[in-house]
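As a plain string of letters, each chain reads:
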Amino acid sequence: MTHFEYRNGEMHAEGVALSRIAEVAETPVYVYSAGALAEAYTRFSSALSTADLNARVCYAMKANSNIAVIRTLADLGAGADVVSGGELERALAAGVSGPDIVFSGVGKTPGEMRQAIAAEIGQFNVESIPELEMLSHVATSMGATVDIAIRVNPDVDANTHHKISTGRQEDKFGIDIARAGDIYARAAELPSIAPVSIAVHIGSQLTDVAPFRAAFARVAELTRELRAAGHNIGKLDLGGGLGIDYGRQTPPPVEDYVAVVAETVGDLECELMFEPGRYLAGPAGILMTQVIYAKEAEARRFAIVDAAMNDLIRPALYDAVHRIETVREPATDGALQDWDVVGPVCETGDTFAKGCQLPALSEGALLVMRDAGAYGAVMSSVYNSRALVAEVLVHDDSFAVVRARQEPATFMGYETLADWQN
Ligand SMILES: *Cc1c(COP(=O)(O)O)cnc(C)c1O
């Protein structure tokens, strides 16, 4: 089932016409489908249970940390993977319980560690020796013992965009897998630290299972070595990274990914943890925008839209291409034209798509950019003093604004003149 499709000549999100949402919430606006979130979550978790794996899913909420989105997934049984104290606050506010939270990231501050220990989170994924020592120190000062994984860097190239590749030796993430034996020995000596797990995450938007196979096989080998050295490794955290189809990609079905998991680590009798982000949230969201001007220049047609790179930065940052479609269903016999869809920001990078095949467009036409549910709204900013984009969640025939548009007056309220300027 697709959750964004044409009905009666107009694109709907589940049972809601997008033009209705545009009237209430204005544009640009992100629209998420609760049904699509549930479908992706169920597909992921059923593949794991069908393969008889003892697994749990901790949604990587950096992909989309709207509280209503997290709650939708938490209601289905998801835990959360957080990367900051702010995300931890959001996970708790959305109703995720402490033990269902794992804390990832290379730069946890002592304050964030205290916050997470106080929330009794399930696991810290530690990425360096200084971090390990700091965590031991903080946990000891609070009289707590914390379960940790060391995030290992398996030196595998994920063959993804270089800005979202994380598992090569040159990347800043994790501890070189070749040194892991020493690090676990060190961890086992430190007070208040229980090294119970190994974590790995090699990158995002992977469209091939081979890098996963290589990384998980190395983790399996390490598990055996660490057990032989007397460590009690009962859990593995295999990260996220499974890619989605933005229109030109052919990511493996989740069942193939799970088969690779079963083949590499399935016989270790570990409790497995997964941290999918994009897979769950990406296809569940669109960014809706309106054409401000349809400008026909010498050789090209430009649709200048009211969304810009501050609302969706993926094209500018990662050369990402999102499929763009009109909200009004194109006539089946209508001619298509080449359109460049661009935002109003004064940077050439503020281009969403070039040579996009769309019907004739005029001012006021509504467009959607598909698969924008992950790494979309979370990366939005107020660059150019543009309003912070709103977010809407749809469920069947209902919709709710789950993040209000923040107007310039709101964020200007945090600015003041220096006292000598008055
Ligand atoms: C970003 C990230 C994820 C999620 O990656 P996706 O590609 O969105 O699935 C999971 N784990 C860690 C440690 C991450 O940094």
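Residues numbered from 1 in each chain as written. Predicted model: local features only at pLDDT ≥ 70, side-chain atom pairs only at ≥ 80, totals over all residues. Heavy atoms only, no water.

**Regarding the pairing of strand β4 (residues 29–33)**
Part 1 of the argument: With 5 of 5 residues buried, β4 is to be regarded as a mostly interior element.
Part 2 of the argument: The two faces of β4 match: Val29, Val31 and Ser33 on one face and Tyr30 and Tyr32 on the other face are all buried.
Part 3 of the argument: Inspection of the sheet shows β4 paired to strand β14 (residues 285–296) by 4 bridges, in the antiparallel sense. What sits directly across from valine 29, in β14, is methionine 288. (Buried < 20%, exposed > 50% of the residue type's maximum accessible area, 1.4 Å probe, protein only. Helix = DSSP H or I, 4+ residues; strand = E, 2+ residues; numbered from the N terminus. Pairing = 2+ DSSP bridges.)

**What about empty space enclosed by the protein?**
Part 1 of the argument: According to the stated counting rule, one finds 1 cavity of 30 Å³ or more in the structure shown.
Part 2 of the argument: Its volume calculated, the largest cavity comes out at about 30 Å³.
Part 3 of the argument: Taken together, Met309, Leu312, Ile313, Pro315, Ala316, Gly349, Asp350, Thr351 and Phe352 make up the full set of residues lining the largest cavity.
Part 4 of the argument: Sorting the residues of the lining of the largest cavity by element identifies α11 (314–318) and β18 (351–358) as the ones contributing at least two each.
Part 5 of the argument: In terms of residue class, the lining of the largest cavity is made up of 6 nonpolar, 2 polar and 1 charged. (1 Å grid on protein atoms, 1.4 Å probe; cavity = no way out; pocket = protein on both sides within 12 Å on 5 of 7 lines; lining within 4 Å. Points joined across faces, edges and corners; volume = space filled by probe spheres on them. Nonpolar A, V, L, I, M, F, W, Y, C, P; charged D, E, K, R; others polar.)

**A look at the packing of aromatic side chains**
Part 1 of the argument: Applying the stated criterion to the full structure yields 9 aromatic pairs.
Part 2 of the argument: Feature note: the residues Phe44, Phe212, Phe216, Tyr257, Phe274 and Tyr279 constitute an aromatic cluster, connected by ring pairs.
Part 3 of the argument: Positioned above the aromatic ring of phenylalanine 103, the side-chain terminus of lysine 108 is 5.6 Å from the ring centre.
Part 4 of the argument: Over the ring of tryptophan 339 we find arginine 301, and its NZ or CZ is 6.0 Å from the ring centre. (Phe/Tyr/Trp six-rings, centres within 6.5 Å; stacked < 30°, edge-to-face > 60°. Lys NZ or Arg CZ within 6 Å of the ring centre and 35° of its normal.)

**Comments concerning the pairing of strand β8 (residues 123–126)**
Part 1 of the argument: Side-chain alternation along β8 places Gln123 and Asn125 on one buried face and Phe124 and Val126 on a second face that is also buried.
Part 2 of the argument: Sheet topology note: the strand β7 (residues 101–103)/β8 ladder contains 2 bridges and is parallel. Among the inter-strand pairings, phenylalanine 103 is bridged to a residue of β8, identified as phenylalanine 124.
Part 3 of the argument: The handedness of the β7 to β8 crossover, carried by helix α5 (residues 110–118), is right-handed.
Part 4 of the argument: Two strands pair when backbone bridges link them, and β8 and strand β9 (residues 146–153) are joined in this way by 3 bridges, in the parallel orientation. Within the sheet, the bridge partner assigned to phenylalanine 124 lies in β9 and is isoleucine 148.
Part 5 of the argument: On the question of chirality, the crossover connecting β8 to the parallel β9 by way of helix α6 (residues 129–141) is right-handed. (Right-handed = clockwise from strand over helix to strand, strands pointing away.)

**Side note on the environment of isoleucine 202**
Part 1 of the argument: Note that isoleucine 202 resides in the loop between β11 (193–199) and α8 (210–228).
Part 2 of the argument: Given a relative accessible area of 3%, isoleucine 202 falls into the buried group.
Part 3 of the argument: Along the primary structure isoleucine 202 and methionine 369 are separated by 167 residues, whereas in three dimensions their C-alpha atoms are 27 Å apart.
Part 4 of the argument: Those residues in contact with isoleucine 202 that sit more than four places away from it in its chain are Pro154, Val156, Ala158, Ser165, Thr166, Gly167, Pro211, Phe212 and Ala215. (Contact = heavy atoms within 4.5 Å.)

**Topic: the nonpolar core**
Part 1 of the argument: Counting residues in each nonpolar core, the largest one holds 109 residues, and the members touching the most others are Phe44, Tyr59, Phe124, Ile148, Phe216, Leu236 and Tyr257.
Part 2 of the argument: When residues in this core are grouped by element, the largest group, 8 residues, is from helix α2 (residues 34–50).
Part 3 of the argument: In this view, phenylalanine 124 contacts Phe103, Lys108, Met113, Ala116, Ile117, Leu135, Val146, Asp147, Ile148 and Ala149; residues no more than four positions away in its chain are not counted.
Part 4 of the argument: Core analysis: the next-biggest nonpolar cluster, separate from the first, contains 18 residues, Ile21, Val29, Ile286 and Met288 among them. (Core = buried A, V, L, I, M, F, W, Y, C linked by side-chain atoms within 4.5 Å.)

**Topic: the site of the ligand**
Part 1 of the argument: In the vicinity of the ligand there are 15 residues, among which Lys62, Ser204, Glu275, Arg278 and Tyr375 approach most closely.
Part 2 of the argument: Within the contact set of the ligand, a nitrogen atom lies 2.6 Å away from a side-chain nitrogen or oxygen of glutamate 275.
Part 3 of the argument: Contacts to the ligand include glycine 277, whose backbone N or O atom sits 2.9 Å from an oxygen atom.
Part 4 of the argument: Coverage of the ligand by the protein amounts to 93% of the 380 Å² it exposes when considered alone.
Part 5 of the argument: For the shell around the ligand, the class distribution of residues is 3 nonpolar, 7 polar and 5 charged. (Near = heavy atom within 4 Å. Polar contact = N/O pair within 3.5 Å; in protein donor to acceptor, adjacent residues only side chain to side chain. Areas by Shrake-Rupley, 256 points an atom, 1.4 Å probe, with all protein chains shown as cover.)

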